[in-house]
Every structure is written in structure tokens, then in C-alpha cells.
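Architecture at a glance
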Amino acid sequence: MDTKIRIYLADDHQVLIDGMLSMLKTNKRFEVAGYSLNGENLVEDVLKNKADVLVMDINMPKKDGIEVLREFSVKGFCCKVIILSSYDDVKIIKEVLKLGANGYLSKQSAGENIIEAINAVANGEEYFSQSIRDRIFDSFSKIPQQSYISEAMPLSSITERELEVLKLITMEYSGTQIGEELNISTNTVETHRKNLIKKLNVKTTIGLVKYALKHNLIN
């Protein structure tokens, strides 16, 4: 039998909590560890209930999601965190990822994405709902190429060409499209992609996006 994933919910709307509870109870792999309607004592409650995944609203009374993440960061993360929010501001997304969040869902799409998101982060992956992905990719497309050169980047190991490939990957260009854009072969594109994954220690395109967010490659 698969190990149960213990989930803790935090949102100031009881109706939303009730909806998620009903949905999560339909999945035999999930076990709801508890829920809170505000951020007060949330870190202690999550620790006490030994939750594997916390699904948390960014806006809560008494202590908001950002404050909770900062407290987790100080004490050491005890679980994976998925942010649930009505906001798609890249600055907010960037902030919560820097603080260690593993996923970000828009409330509008939470119903259709929550189960997939929990499974993904429980397996060590990152997860963004499609609207959030689109918002991030749109931000990439508006950044001048020189903005990708940052002191935070390991410039000693990443080449200028790899930075160009990274930008196009995060804009969802295919290998063929990148080759055409940069006038290089698809084999060369694949080599650059593998080098980036190895150098940045990520596994997926979302991992590359998360890296770029953490290292100020998105304004």
C-alpha cells in the first residue's frame, strides 16, 4: 500500500476549506491532517500534526502566508508548501519561491489542479497552475537579453549561449524553434539544455523557471 500523504490546509474561508476537504477525501492516498482559518500558530500546528504538504492561502488574518513562510525558513521546513492565491503578481511568486514554497496555484484553478499539485510536490517536484506559468513566461518575454546577466548567476560556468537557450526554454520554445532562433542545430540545443540542467541542478523547465526567479532573472 502507498504511503499516505498527510495534508494540512490553511485558508480564511471555511467554504473553500470544506470544498478542498471533500475533494481530497476522494483520493485514497491523501490524509487530511487538519486545517486552520488563520496563520496564527500555523507553523506549530503543521509540526504537531506531522503534515507532509501544507496548502496555504497567501492572505490570512493574524499572520499571512509570507510571514508563515519566513517562520518556516527560520525554523527549517518540515513539509512541502503549496501557495493558494488570487494574485498572479510575479513579485509575489518570486518572494514565496525564495522563501522555499514548492508550488503556486491560482484559486480559480485550484479545483482542477490541487490533486496533481499535491502529488507533484510530495514527489519532490515544483508545481505551477497554467495561469501562473503563463504569467511567468510572459515576464520572461519582456526582459531585455542583457537583464539575464546577473551577479547572482554562476557566470564562471554558464556561457552566454547557454543563457540565450535558457531564456528561450523558459519562453516555451521547442528545441527546433530554439535552433532556428539561434541558428544552431537541435543537437546543439539539446547539449546546451543538458548542460544547464546539470549546472543549475534542476530537473525540468519549471525548475529552470524557479532558478531564474530565485536569482533575479525576472524583473
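Heads up: the structure comes first, above all this text.
So, here's what we can say about the structure.

Conventions adopted
Residues numbered from 1 in each chain as written. Predicted model: local features only at pLDDT ≥ 70, side-chain atom pairs only at ≥ 80, totals over all residues. Heavy atoms only, no water. Pairing = 2+ DSSP bridges. Helix = DSSP H or I, 4+ residues; strand = E, 2+ residues; numbered from the N terminus. Contact = heavy atoms within 4.5 Å. Axes fitted to C-alpha atoms, helices over the stretch in contact; angles between N-to-C directions. Buried < 20%, exposed > 50% of the residue type's maximum accessible area, 1.4 Å probe, protein only. Core = buried A, V, L, I, M, F, W, Y, C linked by side-chain atoms within 4.5 Å.

What follows covers the sheet that holds strand β4 (residues 80-85). In a beta sheet, neighbouring strands are held together by backbone hydrogen bonds and run either parallel or antiparallel to one another. Within the open sheet, the six strands sit side by side as β2-β1-β3-β4-β5-β6. Their pairing is parallel. At either end of the open sheet lies a strand with only one pairing partner, and these are β2 (30-36) and β6 (127-128). Summarising the sheet, strand β1 (residues 5-10) and β2 pair through six bridges and their orientation is parallel. Residue pairing in the sheet places Ala 10 in a bridge with Ser 36 of β2. Of the strands in this sheet, β3 (53-57) and β4 touch helix α3 (residues 65-75), which is tilted by about 150° from β3.

As a further point, take helix α4 (residues 90-98). Residues of α4 that are buried include every one of Val 90, Ile 93, Lys 94, Val 96 and Leu 97, and no others. Following α4 by one or two positions, Gly 100 has its phi on the positive side, about 110°.

By size, the foremost hydrophobic cluster in this structure holds 27 residues, and its most contacted members are Leu 42, Val 46, Leu 54, Met 56, Leu 69, Ile 83 and Val 96. Of all the elements, α3 adds the most residues to this core, at four residues. Discounting residues that sit within four places of it in the chain, Ile 83 has contacts with Met 56, Ile 58, Leu 69, Val 96, Ala 101, Gly 103, Tyr 104 and Leu 105. The next biggest cluster of nonpolar side chains, apart from the first, holds 20 residues, and it includes Met 20, Val 53, Val 55 and Ile 118.

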